[in-house]
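Coordinate inspection notes
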There are 2 protein chains.
Amino acid sequence: MFSSQFFKLANVLPFEEAIELLKKDIKKTYGKKGDKVVQMNIDAVDRTLENLVEVAVPESWKDASGWPDSAQKATYFVDNVMQPILGQKGDLLPVSSFQPDGVFPNSTSQYEKRGVAINVPEWVQENCIQCNQCSFVCPHAAIIPVVATDDELKNAPSTFATQEGKGKELKGYRFRMQVNTLDCQGCGNCADICPAKVPALVMKPLATQTAVEIENHKFSLTVPFKEGLVKKDTVKGSQFVKPLFEFSGACAGCGETPYVKVLTQLFGDRMTISNATGCSSIWGGSAPSSPYCTNPEGHGPVWASSLFEDAAEYGYGMMIAFKKRRQTLAAKINKVLEADISTDLKEALSGWVAGMNDAQVSKEYGDKIKKLATEHASCCTSCGSGTSYSSCCSGSSHSHSSGSSCCSGSSHSHSSGSSCCSGSSHSHSSGSSYSSANTSADCMLGEILEDQNLFTKKSHWIFGGDGWAYDIGFGGLDHVIASGEDINILVMDTEVYSNTGGQSSKATPTGAIAKYAASGKKIGKKDLGAMAMSYGYVYVASIAMGASKQQTMKAFLEAESYPGPSVIICYAPCINQGIKKGMGKTQLQSKLAVESGFWSIYRYNPLLKAEGKNPLILDSKAPDGTIQEFLEGENRFAALAKSFPEESARLRAKIEQEVNDKYAHLKKLAE
Amino acid sequence: MFSSQFFKLANVLPFEEAIELLKKDIKKTYGKKGDKVVQMNIDAVDRTLENLVEVAVPESWKDASGWPDSAQKATYFVDNVMQPILGQKGDLLPVSSFQPDGVFPNSTSQYEKRGVAINVPEWVQENCIQCNQCSFVCPHAAIIPVVATDDELKNAPSTFATQEGKGKELKGYRFRMQVNTLDCQGCGNCADICPAKVPALVMKPLATQTAVEIENHKFSLTVPFKEGLVKKDTVKGSQFVKPLFEFSGACAGCGETPYVKVLTQLFGDRMTISNATGCSSIWGGSAPSSPYCTNPEGHGPVWASSLFEDAAEYGYGMMIAFKKRRQTLAAKINKVLEADISTDLKEALSGWVAGMNDAQVSKEYGDKIKKLATEHASCCTSCGSGTSYSSCCSGSSHSHSSGSSCCSGSSHSHSSGSSCCSGSSHSHSSGSSYSSANTSADCMLGEILEDQNLFTKKSHWIFGGDGWAYDIGFGGLDHVIASGEDINILVMDTEVYSNTGGQSSKATPTGAIAKYAASGKKIGKKDLGAMAMSYGYVYVASIAMGASKQQTMKAFLEAESYPGPSVIICYAPCINQGIKKGMGKTQLQSKLAVESGFWSIYRYNPLLKAEGKNPLILDSKAPDGTIQEFLEGENRFAALAKSFPEESARLRAKIEQEVNDKYAHLKKLAE
């Protein structure tokens, strides 16, 4: 279409000749996708010309530069670094615009309002059953439930419709599902999966919604999240927690991002992420903006990416560093426990040591320590022994680490041998024997408080796609899970190198067309789950959100709490798969994948072994006989019948055999 | 002992003080190996001094340089390159001493006669049952059966005792087991495993044997191997084939080399080997000498080594190169088949094309082609079209490749566009469409004969230890087996980085002491076999020669003939394991490992699936309850009870559980 317009307007070739060449090219390009697709493209070329109309643009666009003056003024970074870069003026920025350590601020994707959706969901209040599933599956965190008190709604716009909160937890509250129309990409999965009798979400043209919903959305941001009301470890409850991953640039209907969004709702406030190269490093780290963000207390995921081949090792290093630093902290706390301190403080410190590897317990005792220790603690580094910690050191950890004059005794300057606390730099860094004659408890409490960001147990994650996990980064992934350490791996499996351009990976299944597998992949998909399970001490889950949100939640919670390595392999529908129903049905497609047996869902929990149970729980039912229908629904399989009909028939039969064999094998193991 | 002698003679410290320090050090060093070991060492110090005697050496040793003049004159390389290097004068050699392509001649370890054994086996003729097991297990190919006709024995030394050949195959032949006393390392495994009622091998001091056995061995080399008499795919028959791997510098009793030796007897004449870094790259590539050698026809393994991390990929490249070159050859042959050629030749050529992937068939038809085609073939490259191939090109392939003036049309010069056969360089290298108007069949036959080294199907192997296979090279190993290509991988599993100095690898089992696991490894051994089996199309075997030579043979033959990837994981006892019985009992120890359930033997053959059978055959019997006894027999486990008694008890219980679990799991899968 664009091409025909171009040739009409540009006059670089005789127009008739250009159109003829264009149609010839369409036949060549789309031939294997079927006659219908070819004809649709040819029709599009013809109709485009019939419908060519001039669109007048405002005169002001001539000099448009950067964001309008009316744009929201945000942080220094957003206004002075991010805006120029997005306005393609990044090359004019001085080096001093950037932090020397390479860190980019987070929570900045909210400033990139796109408004690219053609249709967005409209919430039909009276039909909603408040299940929150629409929010759960949204790839862009663009539809969020709001729970408000009457008081909080006093200044709401008149169009800000709400329902009475359902169930005893929400009694007395008002409920609303708020669509963020400008960050929505319009995929429609929310409306598609809505389980209400009459759908509570209907896709409507963007222009019909923005008039009221932009304001409604703005107002919704003034209503605090109500995290405590419904248990957050449920599908419904998880959506009352602020997602700490929002508005990424992932494709509409992306099968990967919903998993990550939910993970940040569960663990985001204490999460570290090492991200492998791939789609997730693009939608996760699209400098200058970042879709990872923080909760109202300022806590959010720490995100970093190194190389395609070392994401596992890199994340392992992050985890080990935290582990060692927390061991050192525990050694210091144990030393203080030997001193003459108050009963309350003693209880808080020993409670922390006992529960330091439990997220909730360590946070609670950490908060108590902060409260109780601050009055006793001394700052002994720069301010001199005996200076009250609270009078000089309660500055934010940020100013500490950037080297303020007070308490610059960050752990770094300590270990290089400051005069404080007389622990030699050796005993500091090893953390094994922290003792010295003239150590004062107060002085050490000051040090402990400087490490207060270590109080809460961290949740360590490694993210990547199948190209990383099955191929390029597999050696490292294997090494990390073998270690037995407490670390979690999320594999977003699109079954092809998606970001790199559609090349076959070891996760590509039999019969799928991909680059380097133009006549259909001849050999089966590698069974990463089986490999990980072979260790016996690795938690392994294979999940598909569209098939079971509950199973997804169980897997996330079990994996994260398992005190050893975990691997979660997620089925992730992707534009590269050529889903005929479109990217608005990725959740549905994922359901069909599991029902047909194409993808199996299961959980392998080594803790069950200790209870004398079979560690493997097969959550899939037997294949329901729809495998060929499923394959026919995706061009990666369907197109082979056009280009290589015999090979397609052979491979289709092989896939069916593999699907049945795999189910039988898993069933045998799970019995 | 050496230390006490040194201090007695050198007078660098007051002698009494030196001895006291020495004994203190012994307690520290050997303490964890038990009081008995400490006392033995202390006794050794004391007794050494009592037994200090002066040994007179010949006056001539003063000026000893290099090998004696009487040394065997061998090849140019041995005499002029290898000898100076071994004489530590390698730095005086000019660069021109070496081949510019980095290739070292093979068959050279035979010139490094060591004579380092203290005891060597003496063959007791009357007890021998001719089972050849001693030869099968010998790590150094230093004991070989001789089968001779009466005629061949005419000039035998009088001490060259023989038996009548047993069984119908050896009827009319004389049999003898010949010990090569100077290449024997004296481990004693041959004598230990001799199954005769009264042992047919008795270990005797070297000096008692050399007088007659050096001459006997020399004579034995004049008797040709009788390969055809007993089927070579049996334990007994395999030993009547010349090993193409001999006299390496591996440790006495090495658990790795016997596997490799047998492999060369089965496939060595058509084998390519890519060797990972590790023990096998040292004993396999100890420049300037090479233990790999050739059979009387000049065929033997091609051996190469690249890096620790890429042995699998490197071997994969070797295999792919051969595969593509043979496809090109097949395309040329198919083209000749269209021409008007003799019926005989037609039959030979089409027979070869049909059977090109069968080792025996491709060799037989290849030999026929050589015979029939030579008279017709023309040399068209340098000599000009129509010159008879046999008159100018039947030179050795060596002189061809080094660029003789005739038929320098090696495949390399062809592909760079010679005028011969008018195949464009493109069609040559792709091999898909070899056609041209003025191609003459005779001319192309010339080209085909130049590639006669490709006639016989090659046997492609990748060798490495557990440090490579389980750790550093695992990503590549996984990638290669996933490919589905016809390639074989031999993993010699010593369960520790042996050559590197005893560091823990992912193959190190629970409870074993190793570097980085000084208090016993806490987590279980990685199950490489299970991982490989998860593909479903990979042949996998876990073997232990000491437990079953028959199972070892079956695995080798099945793996090699399987038309896809194969992985064979071999239990390989090693000095690093601290086997209390000593390195003369490595075969026995390997038997005990399997009987106790410590090591499982099985074969997973995907071909059985097509027959509707379970592909997994469990060759192990149920653990016999001797696991603790087995562990007690190796210092890697036993020493932990000294240093960390509680941890040892905990880990011993864990190992027992793992052993039982693994057997139960394999049994379930095999049913």
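First, a word on scope: everything that follows refers to the structure included in this document. What you see is a predicted model; the values in this text were computed from it and never measured. (Residues numbered from 1 in each chain as written. Chains lettered and ligands numbered in written order. Predicted model: local features only at pLDDT ≥ 70, side-chain atom pairs only at ≥ 80, totals over all residues. Heavy atoms only, no water.)

Residue and element names in this part refer to chain A. Spatially, three strands are ordered β2-β4-β3 in an open sheet, and the strand pairing comes out antiparallel. Only two strands of the sheet have a single neighbouring strand rather than two, namely β2 (143-148) and β3 (163-164). Pairing between β3 and strand β4 (residues 174-179): two bridges, direction antiparallel. Among the inter-strand pairings, Gln 163 is bridged to a residue of β4, identified as Phe 175. On the sheet, helix α7 (residues 206-220) packs against β2 and β4 and is oriented at approximately 125° with respect to β4. (Pairing = 2+ DSSP bridges. Helix = DSSP H or I, 4+ residues; strand = E, 2+ residues; numbered from the N terminus. Contact = heavy atoms within 4.5 Å. Axes fitted to C-alpha atoms, helices over the stretch in contact; angles between N-to-C directions.)

The next point concerns the pairing of strand β10 (residues 459-465) of chain A. Residue and element names in this part refer to chain A. Of all the seven residues making up β10, seven are buried; the element is thus mostly covered by neighbouring parts of the structure. Burial along β10 is two-sided: the residues Ser 459, Trp 461, Phe 463 and Gly 465 and His 460, Ile 462 and Gly 464 are all buried. Here five bridges tie strand β6 (residues 271-275) to β10, and the two strands are oriented parallel to one another. Bridge pairing in β10 links Thr 272 to His 460. As paired strands, β10 and strand β11 (residues 488-493) are joined by five bridges and run parallel to one another. Considered in β11, the bridge of Gly 464 is made with Val 491. (Buried < 20%, exposed > 50% of the residue type's maximum accessible area, 1.4 Å probe, protein only.)

In this section: the nonpolar core. In this structure, Trp 468 of chain A together with Trp 468 of chain B are the most contacted members of the largest nonpolar core, which totals 164 residues. Setting aside residues no more than four positions away along its own chain, Trp 468 of chain A makes contact with Ala 276, Phe 308, Ala 311, Ala 312, Ile 462, Phe 463, Gly 473, Phe 474, Leu 477, Ile 489 and Val 491 of chain A. (Core = buried A, V, L, I, M, F, W, Y, C linked by side-chain atoms within 4.5 Å.)

Moving on to the sheet that holds strand β2 (residues 143-148) of chain B. Residues and elements named next belong to chain B. In spatial order, the strands read β2-β4-β3; together these three strands make up an open sheet with antiparallel pairing. The two strands at the open ends of the sheet, each matched to only one other strand, are β2 and β3 (163-164). Here helix α7 (residues 206-220) sits on the sheet in contact with β2 and β4 (174-179), set at roughly 125° to β4.

Within the fold, Thr 456 of chain B resides in the loop between α18 (441-450) and β10 (459-465). Excluding anything up to four places from it in sequence, Thr 456 of chain B contacts Arg 270, Arg 326, Ala 359, Ser 362 and Lys 363 of chain B.

Our next topic: the relation of the copies chain B and chain A. Superposing chain B onto chain A takes a rotation of 180° combined with a translation of 0.0 Å along the rotation axis, leaving an RMSD of 0.2 Å. Put plainly, the chains are arranged around a two-fold axis. Of the interface residues in chain B, 100% have counterparts in chain A that sit at the interface too, so the contact is made through matching surfaces. (Least-squares fit on C-alpha atoms with pLDDT ≥ 70 in both.)

Turning to helix α12 (residues 343-355) of chain B, a few remarks are in order. The end-to-end C-alpha separation of α12 of chain B is 18 Å, in line with the 18 Å expected for 13 residues at 1.5 Å each. On its buried side, α12 of chain B packs onto α11 (311-337), α13 (359-373) and α18 of chain B. (Expected span 1.5 Å × (residues − 1).)

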